[in-house]
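Descriptive analysis of the structure
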Amino acid sequence: MVFRAVIDADVLKNSIEAISTLVDEATFKLSPGGISLKAVDPANVAMVSFELTSDAFDSYESTEGEIGLDLLKLVDVLGMADRSDNVGLELNETTHKLTITMRGLSYTLSLLDPSSIRKEPKVPSLDLPARVTLNGNELRRAVKAAEKVSDHMALGVDGDVFFMEAKGDTDQVRLELAKDELIHLEASGPARSLFSLDYLSDMSKALGKVNEITVCLGKDYPIKIDFMMADGKGKVGYLLAPRIESE
Amino acid sequence: MEYARLVGAYENIDATTKRLEMTGHLVELFRETPPDLIDRVVYLSQGKLYPDFVGIEMGMDEKLAIRSLSLSSGYSESKIESEWKRSGDLGLTAAEVLKERKQVTLFREPLTVEKVYGNLEKIARATGPGSQYLKVKLLADLLGNASPDEAKYVMKAVTGKLRLGVADMTILDALAIAFADAKEARSEIERAYNLSSDLGMVAGMLAKHGLGAIKDFKITVGKPIRPMLAERLTSIEEIIEKTGGRCAAEYKYDGLRVQAHVSSEITLFSRRLENITGQFPDVCDALLKSIRAKEAIVEGECVPVNVETGEMLPFQQISHRRGRKHGVREAVEEFPVILFLFDCLYVDGEDLTGEDLLNRRERLKEIVEESARVKISDLVVTDDPRVFGSFFEKAIGDGCEGLLAKSIGADSRYRAGARGWQWIKYKRDYKSEMIDTIDLVAVGAFAGRGRRTGTYGALLMAAYDPDEDVFKTVCKLGAGFDDETLAKLPTLFKEYLIEHTHPRVRSELKPDYWLTPSFVLEVLGAEITLSPIHTCGLDAIREGSGLAIRFPRFTGTWRDDKSPEDATTVQEVVEMYERQLKRV
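Worth saying up front: this structure is predicted, and the values here are computed from it rather than measured. (Residues numbered from 1 in each chain as written. Chains lettered and ligands numbered in written order. Predicted model: local features only at pLDDT ≥ 70, side-chain atom pairs only at ≥ 80, totals over all residues. Heavy atoms only, no water.)

Residue and element names in this part refer to chain A. On domain assignment, one finds that chain A holds domain 1 (3-116) and domain 2 (130-240). Each of domain 1 and domain 2 has a C-alpha centre, and the two are 28 Å apart. Taken residue by residue, the interface counts 20 residues in domain 1 and 15 residues in domain 2. At the boundary of domain 1 with domain 2, total buried surface from both sides reaches about 1,400 Å², with 59% on carbon and sulfur atoms. At the junction of domain 1 with domain 2, the criterion picks out one salt bridge. The salt bridge involving Glu17 is made with Lys209; its shortest N-O contact spans 3.3 Å. Seen at the junction of domain 1 and domain 2, the total is eight residue pairs in polar contact (both at pLDDT 80 or more). At the level of secondary structure, the elements contributing two or more residues to the side of domain 1 that touches domain 2 comprise α1 (9-20) and β4 (46-53). Looking at the side of domain 1 that touches domain 2, the element that brings in the most residues is β4, giving eight residues. Tallied by class, the residues present in the side of domain 1 that touches domain 2 amount to eleven nonpolar, five polar and four charged. (Domains from an automatic or database assignment. Contact = heavy atoms within 4.5 Å. Buried area = accessible area lost by both parts, 1.4 Å probe. Salt bridge = Lys/Arg side-chain N within 4 Å of Asp/Glu carboxyl O. Polar contact = N/O pair within 3.5 Å; in protein donor to acceptor, adjacent residues only side chain to side chain. Helix = DSSP H or I, 4+ residues; strand = E, 2+ residues; numbered from the N terminus. Nonpolar A, V, L, I, M, F, W, Y, C, P; charged D, E, K, R; others polar.)

In the predicted model, chain B carries a mean pLDDT of 92, and the fraction of residues at 70 or more is 100%. Per the prediction output, this complex has pTM 0.78; the corresponding ipTM is 0.85. (pLDDT = per-residue confidence, 0-100.)

Although it is not a glycine, His96 of chain A adopts a positive phi angle of roughly 60°. In this fold, His96 of chain A is placed in the loop between β7 (86-92) and β8 (97-102). Although it is not a glycine, Leu273 of chain B sits at a positive phi angle of roughly 65°. The topology assignment puts Leu273 of chain B in the loop between β4 (266-270) and α14 (281-290). Of the residues examined, Leu273 of chain B reaches a relative accessible area of 12% and is grouped as buried. (Buried < 20%, exposed > 50% of the residue type's maximum accessible area, 1.4 Å probe, protein only.)

Residues and elements named next belong to chain B. Counted by the stated rule, this structure contains 21 aromatic pairs over all chains. Ring geometry for Tyr253 against Phe340: centres 4.1 Å apart, planes inclined by 10°, an arrangement best described as stacked. A residue pair is termed long-range when its members are at least 10 positions apart, and Tyr253 in the loop between β2 (247-252) and β3 (256-262) and Phe340 in strand β6 (residues 337-347) qualify at 87 residues. An identical accessibility class is assigned to Tyr253 and Phe340; each is buried. Relative to Trp423, the ring of Tyr414 has its centre 6.0 Å away and its plane inclined at 80°; by these criteria the two rings are edge-to-face. The same class applies to Tyr414 and to Trp423, which are both buried. The structure contains a cluster of three or more aromatic residues connected by ring pairs, namely Tyr456, Phe481, Phe493, Tyr496, Tyr513, Phe519, Phe554 and Trp558. (Phe/Tyr/Trp six-rings, centres within 6.5 Å; stacked < 30°, edge-to-face > 60°.)

Structure follows, in structure tokens:
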């Protein structure tokens, strides 16, 4: 198995952080066309899928294969890189290690045995009636506001309005964005589902940095949030299961 | 294998208190369990992951477990905590909460025994930074897939609270019925368990390879043998009778029973089969030097000791050596120990547990080269209650708890895991605690060893007998001297050293140096005991026995104001003994 690549530090950092917010170890699929991953959080509540094509890299060479990585360690190591640095990645198959180089620094990271990591989940196929495109920072702002009153929030579409609301024991918060404040909105019917803020808050760290995210919603159904990165050469998708609305 | 099957058996076992019914449920469970899994099923059924001697136990902090339950159920931690306070059982609370999950999951897959065991094991092994979060996740992974009933047992297990009350013997019964002709197999299976202390492994061997493999079961160095235990009696005559009229009377050292497994490395197990190797690096080093065999399993008693005088110290001293993770080196220095070996169960491929006691002792002597830190136990073979009695007094005087009488006949094989009349404890009924200090006269001195080379290791101390106008010995005094005092002793005593016993001294002991009775020292002891070697109070309490001070200690006060004739009298010691005698 061969894997040798050079990539912009910022792109790599954003990619790994988007994943590590949900899982701290994961198996990446390597192929000549790029790298990809699907991983589910331990409680089976949230899922992340990720793709980065080979042209997102400054140079890229890989055969088919897979490697298990401790993402928390990787994030820690990448913390040493400046935004403008290039990061070199090279797999040593015999020592079972990944060498990471940046401006003279060279780290060797032990790989994890993919069989010790959770198997890649099957993505459930969902038919979600509402689809909203907006600035990621708007969602992040809503999540922050909701956290002040509750541990869960509702997201939904009502006519031409995308709304987010959270009710605590005594207080509540509601944020509405009309169609003209959004990049795009289409809905074949009303949608509303309740989600855990623990998860939304983790996801919104990555979402807040993105100008354009697409949110798909149903009625008491999982939420799907997709966005592009690395000038369209990378793709991240989150799936989060809903909470049950209490009476 | 689905975890639900295991939970079904748990529910059945929980619902009964009858051992036979319990056994029946286990038999069914074992028969349905794939042979590869049966070890794990056995461990899990006892709320364990491994046999005890491995030392990996479940016991996740409940606060962390609640965090997992909160993640999986969607209920807040405070809500779960108040539910738990109400039910008093986190397992029940988990089941209740998960009956009405607030959080939907994306996927569900049935829990398997493999998966449950795997995650529980990772939780138990996780240490260091980040391990708390890892534990929370691993448990949430199980709870996310668990039915309410499954969650109940997962939760009990992970917090170390799964108590189905399935005893070792019940599992042995069930294994015998499930995999072999019960009656014939039962004792063979138990034997394998007694020789390995590992029920899971025995179950796996039986399920995979049948009873034949169990019959051929061999001792493995590194797996503890369940210790043979002793009964107790309070009459010497009865003891000698029970052991067939003649027995080996052995010092019952007041220390920590240790089973040492020697190969290229040493593993030490306690009486309860905990691995205590890490707490006794000094014992390991000493054993490596002393044992003349490639592989061996020996048993002994680890006793705290005063290195300079060779005296045994009170048992409490050894507690400083137990359960330590840090400061082991310091504790080794501060609380040195001697290992007194008393049995030999295995040497270089040869299982000696079937040999009789004296043969095992011969083999022990063959492979052990005694050193300052490794010795072979004191023992006499006798059929005479008087010999037994005075050996007992000597044992007490030397700091032992009493004697162990061991049968030496044809039935004296090592009965692993059994308590029987082949070994009988004899301890004291009475104890005479010493409350006041006494003033004793130095009449002799023993040469020092180790750090005390060049000065004295201990002094021979005596009480005064005004009737006969002589001094009668009552103890060897080695403790309580500071370095400065010790260094001064040879100069101090120089003019008082004499060649032979002083005419006014009555002593059975022969010290290295005799002294003219002149110096009076204040001494405090733990108690006054009967002694076959000291002359103070001879025949006063019991024919042939004198009195001795046990664990004597110099208070640091030289009674210069007292002449030797002003020292505590023999009569006073006798009175103290009688006055302070209490039933143990």
